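# Observations on the model geometry
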Amino acid sequence: MGDVLALVEARLLTALGEPDARAAVTFLGTDRIEVLRFRGTADGGGDGGGGIVRYATLGMSALPMADPTAALADPVKGPRAELILSVRAGLADTDKALRPLAVLAASPQVEGVVVAPGASLDVGEPLWPSAPFSSVLVAEPGGLVEDLELDPPMDPVRFLPLLPMTPNEAAWKRVHGAQELQERWLTRGTDLRDPLRGSVALD
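Model, not experiment: these values are computed from the prediction. Sequence order sets the numbering: in each chain, residues are counted from 1 along the sequence as written. Local features in a predicted model are, by the rule used here, given only for residues with pLDDT of at least 70; side-chain atom pairs are given and counted only at 80 or more, and totals for whole chains, interfaces and linings are based on all residues. Each side-chain value is worked out from all heavy atoms of the structure, with water and hydrogens disregarded.

### Topic: the overall build of the protein
What the protein contains, in helices and strands, is four helices and seven strands. Starting at the N terminus, the α and β elements of the protein follow one another as α-β-β-β-β-α-β-β-β-α-α. As a reference, a globule follows 2.2 Å times the number of residues to the power 0.38, and the radius of gyration itself is taken over C-alpha atoms. What you see for the protein is a C-alpha radius of gyration of 17 Å, in line with the 17 Å of a compact globule of 203 residues. Expressed along its principal axes, the backbone C-alpha trace of the protein runs to roughly 45 × 40 × 30 Å. Counting every position in the protein, which comprises 203 residues, the buried fraction comes to 43%. What makes two residues a contact is simply this: any of their non-hydrogen atoms within 4.5 Å. Sequence-distant contacts, at least 24 apart, represent 59% of the contacts inside the protein between residues at least 6 apart. To qualify as a helix, a DSSP run of H or I must reach at least 4 residues; to qualify as a strand, a run of E must reach at least 2; elements of each kind are numbered from the N terminus. Only protein chains enter the accessibility calculation, which uses a 1.4 Å probe; a residue whose area is less than 20% of its type maximum is buried, one above 50% is exposed, and one in between is partly exposed.

### As for the packing of helix H3 (residues 167-176) against helix H4 (residues 178-187)
Structural elements are reduced to axes, namely lines fitted to C-alpha atoms, with helices fitted over the stretch in contact, and the angle between N-to-C directions of any two is expressed from 0 to 180 degrees. H4 packs onto H3 with a crossing angle of 130 degrees between their chain directions and a minimal axis gap of 7 Å. Of the possible angle classes, the one that applies to H3 and H4 is oblique. Residues Glu-169, Trp-172, Lys-173 and His-176 of H3 touch H4, and the partners they reach there are Ala-178, Glu-180, Leu-181, Arg-184 and Trp-185. Three residue categories are used. Nonpolar comprises Ala, Val, Leu, Ile, Met, Phe, Trp, Tyr, Cys and Pro, charged comprises Asp, Glu, Lys and Arg, and polar comprises the others, including Gly. Considered class by class, the residues forming the contact of H3 with H4 number four nonpolar, one polar and four charged. Here is the rule for angles: anything less than 35 degrees is roughly parallel, anything more than 145 is roughly antiparallel, 65 through 115 is roughly perpendicular, and the remaining ranges are oblique.

### Side note on the confidence of the model for the protein
A residue's pLDDT is the predictor's confidence in that residue, given on a scale from 0 to 100. This prediction gives the protein a mean pLDDT of 91; 93% of its residues lie at or above 70. When the criterion is pLDDT under 50, residues 41-49 qualifies, and its contacts beyond four places in sequence or with other chains add up to twelve contacts.

### Comments concerning the environment of Arg-193
Within the element layout of this structure, Arg-193 appears in the segment after H4. Placed 29 residues apart in sequence, Arg-193 and Pro-164 show a C-alpha to C-alpha distance of 8.3 Å.

Next comes the structure, spelled out in structure tokens:
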């Protein structure tokens, strides 16, 4: 387990630089989940928010995610993942998202869920104080941090971006699907990293 997490952390640091903060959360009956914060990623947006801050989990990939219908969990084979949230810095108290992110990262161990692209994850409360989001859409990996190949028979670790959803967007996604929601965001030019954004027009 430690070897996997060391490789995962090295991949995160290669892709995102040195973290400027980290926090650890331990839930009853689970392994420790860390959340690393990476600041200073400028994107030329000119928004005055100081660029992009990214939060990445570390610990979720220590064990493979097991099919909740399986009689016995395989300790080696199965999908592995970590979660990444990217938001514009300086616009909201997004550091308070550390615990909700850790909760989501622990959900495969706690609830037996398999987190995969297209899934919705709900934390049941705002992602940070006064956030208009309490759930996220799991997006496709590979754009920000490349998959980490592990020695066979272990599956690679995938770094899954999280896209915050408003309650209206989450309800619309349940009816129309993840791809339709992402296309709606794209066609309307939605800034998915704006921590203060409102819901996209869904009419």
